[in-house]
Amino acid sequence: MAVNLSAAASFMATHARLLDRRRFELLDGATNADAVLAAVDGYRNPDGGYGWGLEPDLRAPESQPGGALHAFEVFEEIAPATTPHAARLCDWLATVSRPDGGLPFGLPVADPAGCAPFWVQADPAAATLHSTAFTAGVALRVARHDRAVREHPWLAAATRYCFRAIRELSAPPHAIALSFTVQFVDAAHDLHEEAAALLTHLAGFLPADGLVPVEGGSAGETLRALDFAPLPDRPARALFDSDVIDAELRRLADAQEDDGGWRVDFGSFSPAAALEWRGYATVRAVSVLRRHGLA
């Protein structure tokens with residue numbers, strides 16, 4: 001399971017966007033939170049939300065729930081440092097949430113150039129568990145070290161929405177929605193007693209091997225155990241046997257390519273997104289492997 005970190009660094013310097021280069025440096029302790037926050041701030045809008053391709057397949061400048069997801073990822077990674085922009089992002093999310101606390105999958109865009117159709121065609125008037133879970137799940141992880149996020153009314157409302165929607169699930173949701181929902185419940189464990197029962201409920205939708213094909217995705221696109229439970233010592237890890245996780249970690253390490261980077265198995269919707277997803281995937285791979293003592 002040898003990982004070539006030097007080759008990964010060279011790949012990032014050659015191909016990755018500035019934000020992911022800074023995130024990669026942060027993993028190594030080669031930069032600080034301020035540098036990463038400066039990079040993500042370039043995607044921030046005056047309304048407090050994030051756009052401008054922060055979600056690589058959503059190139060439009062308008063603030064979007066998908067942009068909020070990736071901004072919160074940065075705010076999680078800089079812990080224990082915090083930024084007032086995290087609470088301001090919660091403020092913006094409150095303004096675009098539906099009355100029941102849920103978020104629409106996407107908001108209107110003026111120019112769809114370079115955007116995936118599923119973002120452009122989203123109904124801005126309909127809340128979805130998918131988008132609310134992917135945003136609130138990362139926000140809950142930020143809330144562990146950021147009191148302003150933890151106590152924000154938007155997060156409380158979004159969490160209640162997700163809890164209701166998960167309880168009502170009688171069949172597996174789309175694979176990607178299931179992944180974000182499991183990660184949401186895992187994050188909610190730290191703050192909500194109800195999360196344990198909900199994780200048990202979701203466990204019934206997962207096969208033992210962790211392989212969940214992505215309906216409508218690219219040929220062979222499949223979510224795997226590490227997409228549902230990427231971190232050790234978290235409640236979601238109990239969903240899979242240790243031999244499944246060990247095999248997936250070996251597979252992840254072996255997926256490093258000759259140029260030093262990793263790839264995603266889903267399609268991209270612009271040349272820029274194709275490269276940006278590779279930088280994003282490389283940061284994720286090194287982060288997950290490092291958390292397991294393998295990088």
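All values reported here derive from a predicted model rather than from experimental measurement.

Caption draft 1: Fine view of the overall build of the protein chain. Along the backbone of the protein chain there are 14 helices and 4 strands. Computed over C-alpha atoms, the radius of gyration of the protein chain comes to 18 Å, within 12% of the 19 Å expected from 2.2 N^0.38 for 295 residues, which places it in the range of a compact globule. When the backbone C-alpha atoms are referred to their principal axes, the protein chain occupies close to 50 × 45 × 40 Å. Residue burial in the protein chain is summarised as follows: out of 295 residues, 52% are buried. Sequence-distant contacts, at least 24 apart, represent 64% of the contacts inside the protein chain between residues at least 6 apart. Put simply, the protein chain shows about 12700 Å² of open surface, and 53% of that area lies on carbon and sulfur atoms. Distance from the positive charge centre (25 side chains) to the negative charge centre (38 side chains) of the protein chain: 4 Å.

Caption draft 2: Structural detail: the nonpolar core. Grouped together as the largest cluster of nonpolar side chains are 91 residues, with contacts concentrated most on F72, F75, L89, W154, F184 and W262. In this structure W154 touches F72, C90, L93, A94, S97, L103, T135, A136 and A139, once residues within four positions along its chain are discounted.

Caption draft 3: Spotlight on helix α3 (residues 33-41). Three or more residues of α3 are buried, namely A33, A35, V36, L37, A39 and V40. The elements touched by buried residues of α3 are α2 (18-28) and α4 (65-77). Looking at where α3 begins, the residue whose side-chain oxygen comes 3.2 Å from the main-chain nitrogen of D34 is N32.

Caption draft 4: Inspection of the packing of helix α10 (residues 175-188) against helix α11 (residues 195-203) at higher detail. Two elements in contact, α10 and α11, have axes separated by 8 Å at closest approach and are oriented at 155°. Relative to α11, α10 is oriented roughly antiparallel. Seen from above, α10 lies across α11 with left-handed handedness. The segment α10 lies against α11, with L178, T181, V182, V185 and A188 engaging A195, L198, L199 and L202. Of the residues that constitute the contact of α10 with α11, the class distribution is 8 nonpolar, 1 polar and no charged.

Caption draft 5: Up close: the packing of aromatic side chains. Counting across every chain of the model gives 13 aromatic pairs. With a centroid separation of 6.4 Å and an interplanar angle of 70°, the aromatic rings of F105 and F134 are classed as edge-to-face. Of the two residues, F105 sits in the loop between β1 (103-104) and α6 (117-120) while F134 sits in helix α7 (residues 129-143), which places them 29 residues apart along the sequence. Its relative accessible area of 15% is what places F105 among the buried residues. Residue classification places F134 among the buried positions, given a relative accessible area of 2%.

Cut-off values and rules
Counting restarts for each chain, with residues numbered from 1 along the sequence as it is written. Reporting in this predicted model follows two pLDDT cut-offs: at least 70 for local features of residues, and 80 or more for side-chain atom pairs to be given and counted; totals over whole chains, interfaces and linings ignore these cut-offs and use all residues. Only hydrogens and water are set aside; all other atoms, that is, all heavy atoms of the structure, feed into the side-chain values. In DSSP terms, a helix is any run of H or I states spanning at least four residues, a strand is any run of E spanning at least two, and both are numbered starting from the N terminus. The reference for a compact globule is 2.2 Å times residues^0.38; the radius of gyration itself is calculated from the C-alpha atoms. Classification of residues uses two cut-offs on accessible area relative to the type maximum, computed with a 1.4 Å probe and protein chains only: under 20% is buried, over 50% is exposed, and between them is partly exposed. Throughout, a residue-residue contact means that at least one pair of heavy atoms, one from each residue, lies within 4.5 Å. Every accessible area reported is derived by Shrake-Rupley at a probe size of 1.4 Å, with residue values counting cover from the shown protein chains alone. Working convention for charge: Lys and Arg count positive, Asp and Glu count negative, and His plus the chain ends are omitted. Charge positions come from single atoms, namely NZ of Lys, CZ of Arg, CG of Asp or CD of Glu. Think of a nonpolar core as a cluster: buried Ala, Val, Leu, Ile, Met, Phe, Trp, Tyr and Cys residues, connected wherever their side-chain atoms sit within 4.5 Å. Under this definition, polar contacts are N or O atom pairs within 3.5 Å; protein pairs additionally need one hydrogen-donor-capable and one acceptor-capable atom, and for neighbouring residues in sequence, both atoms have to be side-chain atoms. To obtain each axis, a line is fitted to C-alpha atoms, and for helices this fit is confined to the stretch in contact; angles are then taken between N-to-C directions over 0 to 180 degrees. Roughly parallel refers to an angle under 35 degrees, roughly antiparallel to one over 145, roughly perpendicular to one between 65 and 115, and oblique to any angle outside these ranges. Helix crossings get a hand from a simple test, with the near helix turned counterclockwise from the far one by less than a right angle marking a left-handed crossing and a clockwise turn marking a right-handed one. Residue type decides the class: Asp, Glu, Lys and Arg count as charged, Ala, Val, Leu, Ile, Met, Phe, Trp, Tyr, Cys and Pro as nonpolar, and the leftover types, Gly among them, as polar. When two rings of Phe, Tyr or Trp (its six-membered ring) have centres within 6.5 Å they constitute a pair, described as stacked for plane angles under 30 degrees, edge-to-face for angles over 60, and tilted for the intermediate range.

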